[in-house]
Amino acid sequence: MKRKTYRRPSWDEYFLEMASLVAKRATCLRRRVGAVIVKDKRILATGYNGVPSGLKHCLDVGCIRKKLKIPSGERHELCRALHAEQNALIQASLYGVSLKGSILYATNQPCVICAKMLINAGIKEIVAGSGYPDTMAKDFLKEAKIKLRRV
């Protein structure tokens, strides 16, 4: 009897797939992003891009950024939503979970605002599925000695 070969995903593949699953909850009309924060191969927090709790979703009221024709990677403050990384950081904070020394898995490279928050949260590494048009974020992460990998 011949056995089927089964290939287990690597840890990077596994947690990036989790981030992709989390991204399916996103309420942004322009980009669906998911983030998973992991330490010692255990999930500490997750987040997706969407509006703060209790506010109307962009799915319901439309996209301010689209209406104002704001390009991706610019004027982050003109948006109803929080980024996936921000939501993951906030969830950890709500439940008293330290993220020092953890790894962020995200469907996209963080923007500069998220990069600054991740630096201060003690994230040691970022694994991203896709890029993002923000070279300043990469520069800050490099200066902070946070490893950024694209998988």
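Residues numbered from 1 in each chain as written. Predicted model: local features only at pLDDT ≥ 70, side-chain atom pairs only at ≥ 80, totals over all residues. Heavy atoms only, no water.

Remarks on the pattern of salt bridges
We count it as follows: For this document, the term salt bridge refers to a Lys or Arg side-chain nitrogen within 4 Å of an Asp or Glu carboxyl oxygen. When a residue's accessible area, from a 1.4 Å probe over protein chains only, is under 20% of the maximum for its type it is buried; when over 50% it is exposed; and in between it is partly exposed.
Under the defined criterion, the tally for this structure stands at four salt bridges. For the salt bridge of Arg75 with Glu77, the shortest nitrogen-to-oxygen distance reads 2.6 Å. According to the relative accessible area criterion, Glu77 is exposed, its value standing at 53%.

Side note on the environment of Met136
This is how it is decided: Helix and strand definitions here come from DSSP, where helices need a minimum of 4 consecutive H or I residues and strands a minimum of 2 consecutive E residues; each element is numbered from the N-terminal end.
When you line up the elements, Met136 lands in helix α6 (residues 135-143). Take Met136: its relative accessible area is 45%, and that puts it in the partly exposed class. With 57 residues separating them in the primary sequence, Met136 and Cys79 have C-alpha atoms 20 Å apart.

Some thoughts on the sheet that holds strand β4 (residues 125-130)
Put simply, the rule is: Whether two strands pair depends on DSSP finding at least two bridges between them. To get an axis, fit a line to the C-alpha atoms, keeping to the stretch in contact for a helix; angles then go from 0 to 180 degrees between the N-to-C directions. Should any heavy atoms of two residues lie within 4.5 Å, those residues are considered in contact.
Read across the sheet, five strands follow the order β2-β1-β3-β4-β5 without closing on themselves; strand pairing throughout is mixed. A strand with exactly one partner marks an edge of an open sheet, and here the two such strands are β2 (42-48) and β5 (147-150). Averaged over all neighbouring strand pairs, the angle between strand axes comes to 20°, with direction disregarded. Summarising the sheet, β4 and β5 pair through four bridges and their orientation is parallel. Following the sheet pairing, Ile126 is matched in β5 by Leu148. Taken strand by strand, helix α4 (residues 84-94) contacts β1 (34-39), β2 and β3 (103-108), and its axis lies near 130° from that of β2.

Focus: the nonpolar core
Spelled out, the test is: To qualify as a nonpolar core, a set must consist of buried Ala, Val, Leu, Ile, Met, Phe, Trp, Tyr and Cys residues joined through side-chain atoms within 4.5 Å.
Residues Ile37, Leu99, Leu104, Leu118, Ile123 and Ile126 are the most contacted members of the largest nonpolar core, which totals 19 residues. At the level of secondary structure, the elements contributing two or more residues to this core comprise β1, α4, β3, α5 (112-121) and α6. Looking at this core element by element, the count peaks at four residues for α4. Those residues in contact with Leu118, other than ones at most four positions away along the chain, are Glu85, Leu89, Leu104, Pro110, Ile123 and Ile126. If you look at the next biggest cluster of nonpolar residues, it comprises nine residues, including Leu16, Ala19, Val22 and Val36.

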